[in-house]
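Take a look at the letters that make up each chain.
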Amino acid sequence: MELAEYGRAIARGWWILLVCLLAGLGAAALVTARTAPVYQSTIKFFAVTPSAAGQSTLQAQELSRNRITSYANLVKSEGFLGRLVRDSGAGISGKDLVDSIGASADRDTLTLSVIVSQPEQAKAFAIARSIANNLGSAAGELDTGGAVTNLTVVAGPTNDPAPVSPKVPLNLAVGALLGLAAGIAIPVARRLSDKSLRTAQEVEDASGLPVLARIPLSTAVRPPARILDQSGGTLLDEAGRRLRTNIDHFPAMGTGGVVAVTAAGSGEGSTSVALMLARAWAEAGERVLLVEAGLRSPRLAADLGLGAGTGLTDVLSGRLPLDQVIQHTAVEGLHAVAAGDVPPNPTELLGSRALPAALQELRGSYARVVLDAPAMEPYSDAAVIAAAADCTVLVVRHRTVTRDTLRAALRNLELVNGTVAGVVLNALPGRLAEGRRGLRAKFPLTANARQPAPGLPASPQAGKPVASASRRP
């Protein structure tokens, strides 16, 4: 996935980012509110050992370095803490004092730092002041039989009215950063876990076939009759012309032929693509027939305002000849055959010899025949129709079909010796659709074939059939 795709995933999940940011700030504010404040008072001592008789200054300093570490331990000794309890008047026990006092010695600078932390400012200051008053004398009591080290207070005790904890700005900043991190990670993780196909490159890699057209997401395809009423200058029309041009150069079509338009699953827009293709051929001066081959849920007659009641079912069952079910549409040169009444056995009817015979008759009357086939799943109707057509176009809707679903559809077409011209990527956002400036054309004809994707059955390349159409009349 490219970096730009990560950015788009985050932009699409902006509300997740906002919610996580607010949640992070709220959690930080709650933790801060529930955290007891801590006040500190700091004292700093300087250790000096006067030179004794016969002792150099360097030796005196070394003695101070050795002793200052023991003074840091003295601060938290039991005897000294008892003195603090009595002298400070802070009303706390020796155990509490141990937990609230920290001491560190710096041998290089001969300084001793003592920090007192308490939930009350007054107690912290009282204890620190008691340490400042008593530590020097306590240290002197230890220095028996030798030079005495003097501890001099050089800083403190401090009496800062502001607590050192919690740090409100820092807590809020950390909460905001954690919220932002979660708000970025969630949309990216969702995008990475989404295995649906989105771009022409992904579809070509998954199928080993060329993308014949990129059709933009448009309200002009609902209802489908609006496709026939387009002005002719839209991106939708340009996509239809691109599809027409690529199929015209498909070897199995030659100067005429039958094209089946199907999809891996329902709701991917195969009917709209069939209408666009049929209209594009009619605008080019071809005599075109659009046949509704999905017999289970017919709706083409209602969508296009055609006469209902008769259609392909009547022809295949032998009740009516072809010329009595063909109807005119609003587009000159484009005729249509509705599905008719729903038969009790659609698959058997489509798989009979009547369908190849009807298509053979239509080849003599029309330059192009477009079969609006149902989806490949869950029924086998589409596979039967594809086997009778000269070539098949597979429609893939943006962000709907996975690699496995697409490969399963192509495998089914191969098993019936169907010939697949390529794939149409439908309902694309504007940045990926046909005719956008700056987009590289990714619709190779037969000369620019792609190798099949790993894991696919031995599919042919662009411009070659998935398998020879052994059932073609």
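Here the structure is shown first, and the text comes after it.
Residues numbered from 1 in each chain as written. Predicted model: local features only at pLDDT ≥ 70, side-chain atom pairs only at ≥ 80, totals over all residues. Heavy atoms only, no water.

Take helix α7 (residues 168-193) next. In this model, α7 (26 residues) spans 37 Å end to end at C-alpha, consistent with the 38 Å of a helix rising 1.5 Å per residue. Buried residues of α7: Gly 175, Ala 176, Gly 179, Gly 183, Pro 187, Val 188 and Arg 191, and no others. The elements touched by buried residues of α7 are α1 (3-12), α2 (14-34) and α8 (200-207). (Helix = DSSP H or I, 4+ residues; strand = E, 2+ residues; numbered from the N terminus. Expected span 1.5 Å × (residues − 1). Buried < 20%, exposed > 50% of the residue type's maximum accessible area, 1.4 Å probe, protein only. Contact = heavy atoms within 4.5 Å.)

To continue, consider the side chain of Ser 207. Topologically, Ser 207 is positioned in helix α8. Within the local environment of Ser 207, its side chain forms a polar contact with the backbone oxygen of Val 203, the two atoms lying 2.8 Å apart. At a separation of 3.1 Å, a polar atom in the side chain of Ser 207 contacts the main-chain amide nitrogen of Leu 209. (Polar contact = N/O pair within 3.5 Å; in protein donor to acceptor, adjacent residues only side chain to side chain.)

All right, on to the packing of aromatic side chains then. According to the stated counting rule, one finds 0 aromatic pairs in the structure shown. Directly above the aromatic system of Tyr 366 lies the positively charged group of Arg 287, at a separation of 4.4 Å from the ring centroid. It is Arg 296 that lies over the ring of Tyr 379; its NZ or CZ is 3.8 Å from the centre. (Phe/Tyr/Trp six-rings, centres within 6.5 Å; stacked < 30°, edge-to-face > 60°. Lys NZ or Arg CZ within 6 Å of the ring centre and 35° of its normal.)

Time to look at the nonpolar core. Ile 247, Val 259 and Val 370 are the most contacted members of the largest nonpolar core, which totals 39 residues. Excluding residues within four positions of it along the chain, Val 259 makes contact with Ile 247, Met 253, Leu 277, Trp 281, Val 369, Val 370, Leu 371, Cys 391 and Val 393. Leu 295, Leu 362, Tyr 366 and Val 384 belong to the second largest nonpolar core, which has 27 residues in total. (Core = buried A, V, L, I, M, F, W, Y, C linked by side-chain atoms within 4.5 Å.)

Glancing now at the sheet that holds strand β4 (residues 150-155). Read from one edge to the other, the open sheet built from 4 strands follows the order β2-β3-β1-β4, with strand pairing classed as antiparallel. The sheet is open, and its two edges are formed by β2 (101-106) and β4, each paired on a single side. Sheet twist, expressed as the mean angle between neighbouring strand axes with direction ignored, is 25 degrees. Inspection of the sheet shows strand β1 (residues 39-48) paired to β4 by 5 bridges, in the antiparallel sense. (Pairing = 2+ DSSP bridges. Axes fitted to C-alpha atoms, helices over the stretch in contact; angles between N-to-C directions.)

Time to look at the packing of α8 against helix α16 (residues 403-415). Relative to each other, α8 and α16 sit at 50 degrees, their axes nearing to 9 Å. With respect to their mutual orientation, α8 and α16 come out oblique. Relative to α16, the crossing made by α8 is right-handed. Taken together, the residues of α16 that come into contact with α8 (itself represented by Glu 202, Val 203, Asp 205, Ala 206 and Ser 207) are Arg 403, Leu 406, Arg 407 and Leu 410. Class assignment for the residues of the contact of α8 with α16 results in 4 nonpolar, 1 polar and 4 charged. (Parallel < 35°, antiparallel > 145°, perpendicular 65-115°, else oblique. Left-handed = near helix turned anticlockwise from the far one by under 90°. Nonpolar A, V, L, I, M, F, W, Y, C, P; charged D, E, K, R; others polar.)

Between the first and last C-alpha of helix α10 (residues 270-283) there are 20 Å, a value that for 14 residues agrees with the 20 Å anticipated at 1.5 Å per step. Summarising burial for α10: 13 of the 14 residues are buried, a large majority. Remark: Gly 285 follows α10 within two positions and exhibits a positive phi of approximately 90 degrees.

Turning our eyes to something else, we now look at the packing of α1 against α7. The axes of two packed helices give the description: the angle between them and the distance between them. Interhelical geometry of α1 versus α7 gives an angle of 115 degrees and a closest axis separation of 8 Å. As for how α1 packs across α7, the hand of that crossing is right-handed. Of the residues in α7, those in contact with Glu 5, Tyr 6, Ala 9, Ile 10 and Arg 12 of α1 are Ile 184, Pro 187, Val 188, Arg 191 and Leu 192. Each residue belonging to the contact of α1 with α7 can be placed in one class, and the counts come to 7 nonpolar, no polar and 3 charged.

Moving on, we come to the pattern of salt bridges. In this structure the tally under the stated criterion is 7 salt bridges. Across the pair Asp 381 and Arg 296 runs a salt bridge whose closest N-O atoms are separated by 2.8 Å. Of this pair, Asp 381 sits in helix α15 (residues 381-388) while Arg 296 sits in the loop between β7 (288-292) and α11 (300-304), and the two are 85 residues apart along the sequence. Here the salt bridges do not stand alone but share partners, grouping Asp 237, Arg 279 and Glu 283 into one network. (Salt bridge = Lys/Arg side-chain N within 4 Å of Asp/Glu carboxyl O.)

Turning our eyes to something else, we now look at the sheet that holds strand β8 (residues 327-328). Pairing within the open sheet is mixed, and its 8 strands lie in the order β5-β12-β11-β6-β10-β7-β9-β8. Of all the strands in the sheet, the pair left with one neighbour each is β5 (211-216) and β8. Where β5 meets strand β12 (residues 420-428), 4 bridges bridge the pair, whose relative direction is parallel. When the sheet's bridge partners are listed, Pro 216 is paired in β12 with Leu 428.

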